[in-house]
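This is what each chain is made of:
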Amino acid sequence: MEKEISQAVIRRMPRYYRYLGDLLDEGVERISSNELSSRMNVTASQIRQDLNNFGGFGQQGYGYNVKFLYEEIGKILGLNQRHNIIVVGAGNLGQALANYVKFEKLGFVIIGLFDVNPLLKGRNVRGIEIRMLDEMDDFLEEHEVDIAALTMPKEKADSIARKLVDMGVHAIWNFAHVDLELKDENVVVENVHLSDSLMQLSYNIVKNQTIKKK
């Protein structure tokens, strides 16, 4: 039986990958858990525990080979594969996603943009044509799509997500202002709420101001 990895560990893996990428850029060949701990502000024991979920990768007295660990975490995160993405909702946020070139360096390739606004029909965003929503079914039949990013009003998100699942898309990256809960064990949903992050930031601003006043 495959070991169940906690979501807390999974959330930390992209951060490890990012820091290891920075170390590679700096020419660092190996690093101890203590050294990585001081950079990331995560305890060394937490780092070792997290990585032990996937086999460990370190050697006592040597630490971690940065390039090897970077590549192995990339494999764990599925970054050694190409993932085709469509974006449903070609407004400001949808176009911003399409313009973010770093996604492609990680293997996430946006191949389609869809919207209902006829004024957007035929426009290109970084070489990707904006199509109308009624063209999506044919597009999905002709292309292999792994992930659908939803950047539309929340009222439409649920029905669009269900339609995408029916058409064979099994991963939804949801930016609509609603938590999607698709009752299908074969479908993965990541709900992204940008406003939640801002509200957490706002809370910490208020907290710091209160502390300074005391």
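Keep in mind that this is a model prediction, so the values were computed, not measured.

(A) Fine view of the overall build of the protein chain. Helix and strand content of the protein chain: 9 helices and 9 strands. On the principal axes, the C-alpha backbone points of the protein chain span a range of 60 × 50 × 35 Å. Within the protein chain, buried positions represent 38% of all 214 residues. When contacts within the protein chain are restricted to residue pairs at least 6 apart in sequence, those whose partners lie at least 24 apart make up 56%. Averaging the coordinates of the 26 positive side-chain charges in the protein chain and doing the same for the 30 negative ones gives two points 11 Å apart.

(B) Just helix 8 (residues 154–166), in detail. If you check helix 8, its first and last C-alpha atoms are 19 Å apart, about what 13 residues at 1.5 Å a residue would give, namely 18 Å. Listing the buried residues of helix 8 in full gives Ala157, Ile160, Ala161, Leu164 and Val165. Relative to the axis of helix 8, the buried residues are bounded by an arc of 135 degrees and lie together on one face. Opposite its buried face, helix 8 presents the exposed residues Glu155 and Asp166, each directed more than 90 degrees away. Buried-residue contacts for helix 8 involve strand 3 (83–88), helix 7 (136–142), strand 7 (147–150) and strand 8 (171–174). Phi turns positive one or two residues past the end of helix 8, at glycine 168, with a value near 105 degrees.

(C) The environment of tyrosine 16, seen in detail. Inspection of the secondary structure puts tyrosine 16 in helix 1 (residues 7–25). The exposure class assigned to tyrosine 16 is buried, which follows from its relative accessible area of 1%. Taking C-alpha positions, tyrosine 16 is 39 Å from methionine 132, a pair spaced 116 residues apart along the chain. Excluding its chain neighbours within four sequence positions, the residues that come into contact with tyrosine 16 are Met40, Val42, Gln46, Ile47, Asp50 and Ile73.

(D) Spatial organisation of a negative patch on the surface. The grouping of Asp134, Asp138, Glu141 and Glu142 at the surface amounts to a negative patch. Within the secondary structure, glutamate 142 sits in helix 7. A relative accessible area of 62% means that glutamate 142 is categorised as exposed.

(E) Region of the structure containing the environment of isoleucine 85. Within the secondary structure layout, isoleucine 85 lies in strand 3. Put simply, isoleucine 85 and isoleucine 110 are 25 residues apart on the chain and 4.5 Å apart in space, counted from C-alpha to C-alpha.

Cut-offs and rules
- Sequence order as written defines residue numbering, which begins from 1 separately in each chain.
- Since the coordinates come from a predicted model, pLDDT governs what is reported: local features require at least 70, and pairs of side-chain atoms require 80 or more to be given and counted, while whole-chain, interface and lining totals use all residues.
- Each side-chain value is derived from all of the structure's non-hydrogen atoms; neither hydrogens nor water enter the calculation.
- In this description a helix means any DSSP run of H or I spanning at least four residues, a strand means any run of E spanning at least two, and both kinds are numbered starting from the N terminus.
- Only protein chains enter the accessibility calculation, which uses a 1.4 Å probe. A residue is then buried if its area is under 20% of the maximum for its type, exposed if over 50%, and partly exposed in between.
- Between two residues, a contact is recorded if the distance between any of their heavy atoms is within 4.5 Å.
- By the counting rule applied here, Lys and Arg register as positive and Asp and Glu as negative, while His and the ends of each chain are not counted.
- Note that the charge is assigned to NZ on lysines, CZ on arginines, CG on aspartates and CD on glutamates.
- By this rule, a helix spans an expected 1.5 Å times one less than how many residues it contains.
- As used here, the arc is the angular range of directions from the helix axis to the C-beta atoms.
- A patch is a set of surface residues, each over 30% in relative accessible area and not in a salt bridge, joined within 9 Å for like charges and within 5 Å for the nonpolar side chains Val, Leu, Ile, Met, Phe, Trp and Tyr.
- The protein chains shown are the only cover counted for residues, whose accessible areas, like all others here, come from Shrake-Rupley with a 1.4 Å probe.
- One side-chain nitrogen of Lys or Arg within 4 Å of one carboxyl oxygen of Asp or Glu is enough to make a salt bridge.

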